[in-house]
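Observations on chain architecture
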Amino acid sequence: MGRTLTFKIFRYNPTLENDQAHIEAYRLEELPRLNLFSALNMIREQQAPDLMFDFVCRAGICGSCAMMINGRPTLACRTLTSDLPDTIELFPLPFFKLLGDLSVDTGVWFRAMGEHLESWIHTQKEFNPEAQEERMDNETAIKIYDSERCIECGCCIAGCATAQVYPDFIGAAGLNRIGRFLFDPRDERGDQEWFELVSTDEGIFGCIGMMACDDVCPKDLPLLEVFSYIRRKVTAMAVK
Ligand code: SF4
Ligand code: SF4
Ligand code: FES
């Protein structure tokens with residue numbers, strides 16, 4: 001006999017006049033290997049047709065299903081109910097614009113962050129479609145690859161105390177993005193340019209280094225390593 005799970009879900013539709021934020025409880029019989037993606041779909045099909053939540057890939061790749069699951073920001077599609085107690089509380093990620101219920105808009109924030117950090121390769125070299133791909137050593141390529149694994153889920157921002165207090169803080173996702181381009185030898189940005197971008201309270205100086213982001217990142221990005229690299233680079237730039 002399986003468990004009866006109780007889902008306590010945050011409900012609020014900001015587009016409806018007079019809607020009040022509240023918690024609603026739904027009960028569901030647990031099935032073997034049930035994950036929260038399937039559980040939420042069952043609730044929507046059987047009990048709450050207007051329940052809003054986001055999923056695309058169901059495989060931990062798109063980052064769209066991040067939510068607060070019993071107080072912890074994580075991916076719903078990668079969470080089995082068997083790893084949770086009988087009562088499961090679901091809230092939307094804080095910090096991001098609430099679209100409704102468990103759905104938030106992370107895209108606007110991530111796009112603005114990317115534009116602010118100019119997260120593209122800065123180079124004066126003319127593009128030559130005939131030229132061979134530029135080579136780099138394996139160690140550098142692996143560091144860039146690791147930083148590129150960010151799926152922009154927003155869990156690190158939701159779990160970051162600084163981000164909750166200072167909305168302009170670029171968070172672990174932003175610092176990771178800086179690391180990705182600092183690692184890249186093809187990016188020709190100079191020390192002064194990097195220093196002005198990174199050495200601010202919105203950048204690395206706003207980070208208190210307790211690494212909640214590292215604890216909650218579902219892709220296990222090497223955030224500690226990236227932050228240490230940025231700090232070393234900024235210190236070296238400052239003493240030049
Ligand atoms: S170490 Fe702490 S303050 Fe810095 S980005 Fe991570 S969660 Fe935020
Ligand atoms: S750094 Fe990790 S937690 Fe943050 S957005 Fe990227 S994948 Fe998600
Ligand atoms: S649905 Fe894509 S990461 Fe969960």
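Residues numbered from 1 in each chain as written. Chains lettered and ligands numbered in written order. Predicted model: local features only at pLDDT ≥ 70, side-chain atom pairs only at ≥ 80, totals over all residues.

**As for the overall build of the protein**
For the protein, the helix and strand inventory stands at nine helices and seven strands. Dimensions of the protein along its principal axes, counting C-alpha atoms only, are 65 × 35 × 30 Å. The buried share of the protein, reckoned over its 240 residues, is 30%. Nonlocal contacts in the protein, meaning residues at least 24 apart in sequence, comprise 65% of its contacts between residues at least 6 apart. (Helix = DSSP H or I, 4+ residues; strand = E, 2+ residues; numbered from the N terminus. Buried ≥ 20, exposed ≤ 12 C-beta atoms within 10 Å, placed from the backbone. Contact = placed C-beta atoms within 7 Å.)

**Brief notes about the site of ligand 1**
Taken together, Gly159, Cys160, Thr162, Gly171, Ala172, Cys207, Ile208, Gly209, Met210, Met211, Ala212 and Cys213 make up all the residues around ligand 1. When residues of the shell around ligand 1 are traced back to their parent elements, those giving at least two are helix H6 (171-183) and helix H8 (212-216). Grouping the constituent residues of the shell around ligand 1 by class yields eight nonpolar, four polar and no charged. (Near = placed C-beta within 6 Å. Nonpolar A, V, L, I, M, F, W, Y, C, P; charged D, E, K, R; others polar.)

**So, H6**
Taking 1.5 Å per residue, 13 residues should reach 18 Å; H6 reaches 18 Å between its end C-alpha atoms and fits that length. Of all the 13 residues making up H6, 13 are buried; the element is thus mostly covered by neighbouring parts of the structure. (Expected span 1.5 Å × (residues − 1).)

**Considerations on unusual backbone geometry**
Not every positive phi belongs to a glycine, and Arg33 is a case in point at roughly 60°. Not every positive phi belongs to a glycine, and Glu152 is a case in point at roughly 55°. Counting through the fold element by element, Glu152 comes out in the loop between helix H3 (138-148) and helix H4 (155-158).

**Overview of the site of ligand 2**
In the neighbourhood of ligand 2, 13 residues make up the surrounding shell, with Cys150, Cys153, Cys155, Cys156 and Cys217 lying closest. Those elements that place two or more of their residues in the shell around ligand 2 are H4 and H6.

**As for the domain arrangement of the protein**
Domain annotation for the protein reports domain 1 (4-105) and domain 2 (107-239). Taken together, the contact between domain 1 and domain 2 spans 17 residues of the former and 15 residues of the latter. For the side of domain 1 that touches domain 2, the secondary structure elements donating two or more residues are strand E3 (66-69) and strand E4 (72-75). In terms of residue count, E4 provides more of the side of domain 1 that touches domain 2 than any other element does, four residues in total. (Domains from an automatic or database assignment.)

**With respect to the pairing of strand E6 (residues 97-100)**
Direction of pairing for E6 relative to strand E7 (residues 103-105): antiparallel, over a ladder of three bridges. Looking at the pairing, Lys97 lines up with Asp105 of E7. What sits between the antiparallel neighbours E6 and E7 is a turn of two residues, in which Asp101 has the positive phi angle 50°. (Pairing = 2+ DSSP bridges.)

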